[in-house]
Amino acid sequence: MYLDHAASSTVRPTARAAFLTHLDAANGSAAHQRGQNARAVVEQAREQIAQHIGASPHEIVFTSGGTEADNLALKGICWAARDKTRTTPHLIVSATEHAAVRDVAVWLAERGDVTLDVVGCGPDGIVDVEAVLALLTPQTALVSVMYANNELGSINPIAELAKALATRGVALHTDAVQAMATLKVDVNREQISALAASGHKFGAPQGVGFAVLRRDLAVVPLLHGGGQDRGVRSGTFATALIASVAAAFTETVNDRPRVVAHITALTDRLAAGLCALDGVRRNGPTDAAKRLCSHVHLSLDALPSELLALRLDGLGIAASGGAACSSGATTASHVLVAAGITGTPLRLSLGWDSTVDEVEHTIAAFTQLLNSNAATSRLWV
Amino acid sequence: MSKVLIALSGGVDSSAAAALLVADGHDVTAVHLKLADTDTDAPPGHGCCTLDDAQDARRTAAMLDIPFYVWDLRDTFQTAVERPFAASYATGVTPNPCVTCNEKVKYAALLERAKTAGFDALATGHYAQLRRDGKPVVTPGPNVTLHRAKDAQKDQSYVLYMAQPEQLAHTLLPVGGYTKPQVRQIAADAGFRVAQKPDSYDICFIPDGDTAGYLAKRLPVAAGTIIDNDGTVLGEHDGVWRYTVGQRRGLGLDHHERRFVTDVNATTNTVTVGPRDALACAWVRIKTPRFTTSAPIQEHLLVQIRAHGRAHQATVVRDTNGLKITFLEPVYGVALGQAAVLYDRDNDLCYGGGMITDADRDAVFGLRNA
């Protein structure tokens with residue numbers, strides 16, 4: 001049973017086909033016909049993505065994934081602001097950001113490249129707009145708040161925040177990596193200045209993603225070289241991956257109504273089935289409109305996380321038992337700490353090809369597991 | 001075939017142990033324990049990983065095609081091993097953190113967790129041998145005795161003395177029957193890149209070996225006097241925890257004879273030094289001994305009082321105050337807090353032992369009660 005789509009989703013058929021079709025592409029910067037063919041594939045992909053996300057094509061910058069897109073936005077925008085104003089820009093990020101934002105922000109602050117404020121969240125993991133606005137200073141160059149949280153699935157009020165920031169002339173970057181599979185995001189309508197997306201969260205292969213960087217935004221490039229992607233991101237176009245991410249995105253957008261209805265029903269069933277068990281609580285927003293329909297985040301009282309990982313593998317369930325640090329140990333997640341959530345965390349996340357069977361099997365397996373392990377709660381004290 | 005959990009540190013010993021278990025046909029699962037924070041170079045927010053070791057362990061498991069998990073026991077390790085380690089020094093006692101760790105984290109406690117998780121046995125890379133009816137143990141089960149390792153230089157039975165018979169029945173120590181060079185060869189034959197990895201340090205959470213420096217960051221400065229065993233004040237110290245019984249170096253004393261630390265008294269904040277003779281100890285006491293076997297213990301046996309010391313001939317009497325061990329010849333450098341571990345006369349079978357809670361040094365020079 002694969003219930004870890006939030007970590008990496010299954011590849012969409014159209015994405016697989018696009019990838020294989022363009023695997024032998026020539027260099028998209030080459031002048032010859034095959035090069036031009038490859039370039040056409042890249043630009044077609046750019047147009048598709050731009051259209052789906054409410055941007056113009058040249059605002060799309062292809063990257064290796066979400067982490068690179070976040071790095072590009074934070075470093076690129078903050079450094080550009082510093083160069084322009086000759087002062088140290090102020091950066092605000094939320095406490096629940098993915099490490100690809102959080103660690104970049106801390107790194108920039110430690111180098112003295114920015115002054116940093118971190119805005120907290122409520123117990124539901126949602127960032128409060130007023131709390132962000134209260135931290136603004138005349139030097140604030142960028143605010144980075146994720147569209148939806150990767151662990152709890154909490155959806156932040158990005159449109160509201162972006163609008164408030166736009167009227168104050170402050171750029172908003174949003175890490176939308178978790179949101180793309182199930183939410184419609186429109187950077188133009190929502191006045192988002194910069195956005196990061198990762199292909200493998202919505203059916204593309206791993207290793208490709210994109211940043212949206214609005215045209216009025218000055219960005220210092222991180223990768224210098226051949227000047228591809230309007231000089232912001234040099235490097236030979238990854239034609240097959242780019243074709244693949246556009247195909248996955250297009251299929252995601254077209255299939256979204258079905259997927260949302262389907263996995264909302266599945267996660268409702270999953271949450272109801274599991275929360276009926278002793279010592280299982282659901283975390284995150286209680287209002288379904290404020291959480292991703294793909295995520296069910298639980299706290300388990302009866303199972304230590306180390307044992308949980310073993311048991312899940314034993315049951316053939318792939319799910320996330322918590323944030324894994326680089327050694328592979330599950331550690332207390334900064335998101336759960338910020339939201340004040342206790343207990344052994346378990347994130348179950350569904351995707352476009354999740355099935356009723358997977359959900360029912362998972363509920364049955366957990367029912368048996370928790371009943372047989374009721375006495376292990378003090379194992380690790 | 002048994003379901004075996006191997007504690008895989010990322011070093012050569014546990015890697016070879018895992019390979020031997022797989023070769024024996026066991027259903028093996030590996031767990032890497034995160035115990036101490038020693039990664040000072042890690043970027044902010046990532047202080048959690050001795051990454052190389054974890055990677056090595058993961059690589060070993062992948063090569064053996066066995067499941068691999070990382071268990072973060074840093075909090076447990078902090079509470080059960082590191083803090084008591086410093087606290088013991090503060091009370092003038094010299095602890096053995098490896099013994100504590102084996103009891104509270106790495107061996108005895110982990111074994112209980114392994115059993116709860118459904119494993120038949122816990123295996124480790126400790127150098128010690130288990131025998132049943134005189135033969136090496138390759139499958140878990142009762143009636144197991146604990147013995148010195150084949151490689152006397154590497155023997156770790158001393159730090160496993162707390163293993164109870166019931167625990168030994170669920171323990172496998174695959175490398176105990178091999179010498180260190182043989183173990184390296186086993187690892188090399190299995191293709192492990194850790195085959196030539198250097199041996200680890202004695203105290204894993206003090207990788208630079210500077211115990212005094214480690215303690216200095218955690219314990220307060222408390223100046224006191226250093227006196228000679230005749231009562232003469234010889235100098236000052238800035239914390240009794242800097243000293244351990246038997247210590248000769250770093251005393252900074254101007255004395256015409258060689259001086260050794262003979263007593264560390266945290267109550268009076270006094271360090272006593274004296275000639276080597278003053279270290280002579282006729283007996284030690286263990287308040288709460290633990291035994292690896294229910295079999296009777298020889299009256300005349302061998303006792304080891306330091307992790308890397310030789311065993312001394314002694315007689316043992318059990319009374320209401322625990323165990324009194326009387327040495328046939330005086331023993332030098334007995335430190336409270338260290339473990340006294342009992343071996344049979346052949347210096348092979350480990351009976352058990354316990355933390356030294358009292359020692360006779362006072363009787364020799366009669367100072368503390370004077």
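On a predicted model such as this, the values are computed, not experimentally measured, just so you know.

Draft legend 1. Molecular detail of the overall build of chain A. What chain A contains, in helices and strands, is 10 helices and 12 strands. Taking 21 Å as the expected radius of gyration for a compact globule of 381 residues, we find that chain A reaches 21 Å, a close match to that expectation. For chain A, the spread of C-alpha atoms along the principal axes amounts to about 65 × 50 × 35 Å. Taking all 381 residues of chain A together, 52% fall into the buried category.

Draft legend 2. Examining unusual backbone geometry more closely. Of note in this structure, A:Arg230 is not a glycine but carries a positive phi near 45°. Within the fold, A:Arg230 resides in the loop between β7 (209-213) and α7 (239-275).

Draft legend 3. Looking closely at the environment of B:Lys287. All names here are of chain B. Of note, Lys287 is situated in the loop between β13 (281-286) and β14 (290-291). You can call Lys287 exposed: it has 12 C-beta atoms within 10 Å. Sequence separation of Lys287 and Gln298 is 11 residues, and the distance between their C-alpha atoms is 19 Å. Discounting chain neighbours no more than four positions away, the residues touching Lys287 are Asn321, Gly322 and Thr357.

Draft legend 4. Quick peek at the packing of helix α3 (residues 74-90) of chain B against helix α4 (residues 97-106) of chain B. Residue and element names in this part refer to chain B. Relative to each other, α3 and α4 sit at 155°, their axes nearing to 10 Å. Looking at the two axes, α3 sits roughly antiparallel to α4. In this structure, the crossing between α3 and α4 has a hand that is right-handed. Every residue of α4 that contacts α3 at Thr76, Phe77, Ala80, Val81, Pro84 and Phe85 is listed here: Pro97, Thr100, Cys101, Lys104 and Val105.

Draft legend 5. Layout of the pairing of strand β18 (residues 339-343) of chain B. Residue and element names in this part refer to chain B. Most of β18 sits inside the fold, with five of its five residues counted as buried. Going residue by residue along β18, you find Ala339, Val341 and Tyr343 tucked away on one face and Ala340 and Leu342 tucked away on the opposite face as well. Of the strand pairs in this sheet, strand β15 (residues 300-304) and β18 are connected by three bridges, and their pairing is antiparallel. From the neighbouring strand, Val303 faces β18, where its bridge partner is Leu342. Relative to strand β19 (residues 349-359), β18 is paired through five bridges, and the arrangement is antiparallel. Looking at the pairing, Leu342 lines up with Gly352 of β19. Taking the residues between adjacent antiparallel strands as the criterion, β18 and β19 are bridged by five residues, where Asn347 takes a positive phi near 55°.

Draft legend 6. Molecular detail of the domain arrangement of chain B. Residues and elements named next belong to chain B. By domain assignment, chain B separates into domain 1 (3-196), domain 2 (220-278) and domain 3 (280-365). Each of domain 2 and domain 3 has a C-alpha centre, and the two are 25 Å apart. When its residues are assigned to classes, the side of domain 2 that touches domain 3 shows two nonpolar, five polar and three charged.

Draft legend 7. Broad picture of the domain arrangement of chain A. All names here are of chain A. Domain boundaries in chain A define domain 1 (13-251) and domain 2 (255-372). Domain 1 and domain 2 are separated by 27 Å when their C-alpha centres are compared. Each partner contributes residues to the interface: domain 1 has 20 residues there, and domain 2 has 24 residues. Considering only residue class, the side of domain 1 that touches domain 2 consists of eight nonpolar, nine polar and three charged.

Draft legend 8. Representation of the environment of A:Leu298 in the model. Here A:Leu298 is to be found in strand β9 (residues 295-300). Not counting the four nearest positions on each side in its chain, A:Leu298 is found in contact with A:Leu274, A:Val280, A:Arg281, A:Arg282, A:Asn283 and A:Leu346.

Draft legend 9. Quick look at the sheet that holds strand β10 (residues 233-237) of chain B. Residues and elements named next belong to chain B. Taken together, the four strands give an open sheet; going across it, the order is β10-β9-β12-β11, and neighbouring strands pair in mixed fashion. Unpaired on one side and paired on the other, β10 and β11 (260-265) mark the two borders of the sheet. The sheet shows a mean angle of 25° between the axes of neighbouring strands, direction not considered. Pairing between β11 and strand β12 (residues 270-274): five bridges, direction antiparallel. Within the sheet, the bridge partner assigned to Phe260 lies in β12 and is Gly274.

Draft legend 10. Structural detail: the nonpolar core. If you look at the biggest cluster of nonpolar residues, it comprises 226 residues, and the most contacted ones within it are A:Ala211 and B:Ile6. Excluding residues within four positions of it along the chain, A:Ala211 makes contact with A:Val61, A:Thr63, A:Ala69, A:Leu72, A:Ala73, A:Ala194, A:Leu195 and A:Ala196.

Draft legend 11. Summary view of the confidence of the model for chain B. Residues and elements named next belong to chain B. Averaged over every residue, the pLDDT of chain B is 88; the share at 70 or more is 93%. In this model residues 40-49 is a low-confidence stretch, pLDDT under 50, and it forms 22 contacts with partners more than four residues away in sequence or in other chains. This model gives residues 363-370 a pLDDT under 50, and the stretch forms 14 contacts once residues within four places in sequence are excluded. ipTM for the predicted complex: 0.77, alongside a pTM of 0.83.

Draft legend 12. Region of the structure containing the pairing of strand β5 (residues 129-132) of chain B. Residues and elements named next belong to chain B. With three bridges joining them, β5 and strand β7 (residues 145-147) adopt antiparallel strand pairing. Bridge pairing in β7 places Leu130 opposite Leu146. The turn joining β5 and strand β6 (residues 135-136), which pair antiparallel and follow one another in sequence, is formed by two residues; a positive phi near 50° is taken by Asp133.

Draft legend 13. Examining the packing of α7(A) against helix α10 (residues 356-372) of chain A more closely. Residues and elements named next belong to chain A. Running from N to C, α7 and α10 cross one another at 10°; their axes reach a closest spacing of 10 Å. Comparing their axes, α10 and α7 come out roughly parallel. Contacts between α7 and α10 involve Leu266, Arg269, Leu270, Gly273 and Leu274 from the former and Val356, Val359, Thr362, Ile363 and Phe366 from the latter. The residue makeup of the contact of α7 with α10, split by class, is seven nonpolar, two polar and one charged.

Draft legend 14. Here's a closer look at the sheet that holds strand β1 (residues 60-63) of chain A. Residues and elements named next belong to chain A. One open sheet holds the seven strands; their spatial order is β1-β7-β6-β5-β4-β2-β3, and the pairing between them is mixed. Looking along the sheet, the strands with just one partner apiece sit at the ends: β1 and β3 (115-119). When the angles between neighbouring strand axes are averaged without regard to direction, this sheet yields 20°. Note that β1 and β7 share four bridges and pair antiparallel. If you follow Ile60 over to β7, its bridge partner there is Val212.

Draft legend 15. Seen up close, the confidence of the model for chain A. Model confidence for chain A is summarised by a mean pLDDT of 94, while 95% of its residues fall at 70 or above. This model gives residues 377-381 of chain A a pLDDT under 50, and the stretch forms eight contacts once residues within four places in sequence are excluded.

Draft legend 16. Region of the structure containing helix α1 (residues 13-21) of chain A. All names here are of chain A. Those residues of α1 not exposed but buried are Thr14, Ala15, Ala18 and Phe19. One side of α1 holds all its buried residues, which, seen down the axis, span an arc of 135°. Buried residues along α1 sit against α7.

Draft legend 17. Region of interest: the environment of B:Ile6. Residues and elements named next belong to chain B. Among the secondary structure elements, Ile6 is positioned in strand β1 (residues 3-7). On the basis of neighbour counts, which here come to 34 C-beta atoms within 10 Å, the residue Ile6 falls in the buried class. Not counting residues up to four positions away in its chain, the partners in contact with Ile6 are Ser14, Ala17, Ala18, Leu21, Val28, Ala30 and Ala123.

Draft legend 18. Here's a closer look at helix α4 (residues 99-110) of chain A. Residue and element names in this part refer to chain A. Counted at 1.5 Å a residue, the expected span for α4 with its 12 residues is 16 Å, and the 15 Å between its end C-alpha atoms agrees. Turning to α4, its buried residues are Ala100, Val101, Arg102, Val104, Ala105 and Leu108. Check the buried side of α4 and you find it contacts α3 (66-85), β2 (90-94), β3, β4 (140-144) and β5 (171-175). After α4 finishes, the residue Gly112 shows a positive phi value of roughly 80°.

Rules used in this analysis
- Residues numbered from 1 in each chain as written.
- Chains lettered and ligands numbered in written order.
- Predicted model: local features only at pLDDT ≥ 70, side-chain atom pairs only at ≥ 80, totals over all residues.
- Helix = DSSP H or I, 4+ residues; strand = E, 2+ residues; numbered from the N terminus.
- Rg over C-alpha atoms; globule rule 2.2 N^0.38 Å.
- Buried ≥ 20, exposed ≤ 12 C-beta atoms within 10 Å, placed from the backbone.
- Contact = placed C-beta atoms within 7 Å.
- Axes fitted to C-alpha atoms, helices over the stretch in contact; angles between N-to-C directions.
- Parallel < 35°, antiparallel > 145°, perpendicular 65-115°, else oblique.
- Left-handed = near helix turned anticlockwise from the far one by under 90°.
- Pairing = 2+ DSSP bridges.
- Domains from an automatic or database assignment.
- Nonpolar A, V, L, I, M, F, W, Y, C, P; charged D, E, K, R; others polar.
- Core = buried A, V, L, I, M, F, W, Y, C linked by C-beta atoms within 7 Å.
- pLDDT = per-residue confidence, 0-100.
- Arc of directions from axis to C-beta.
- Expected span 1.5 Å × (residues − 1).

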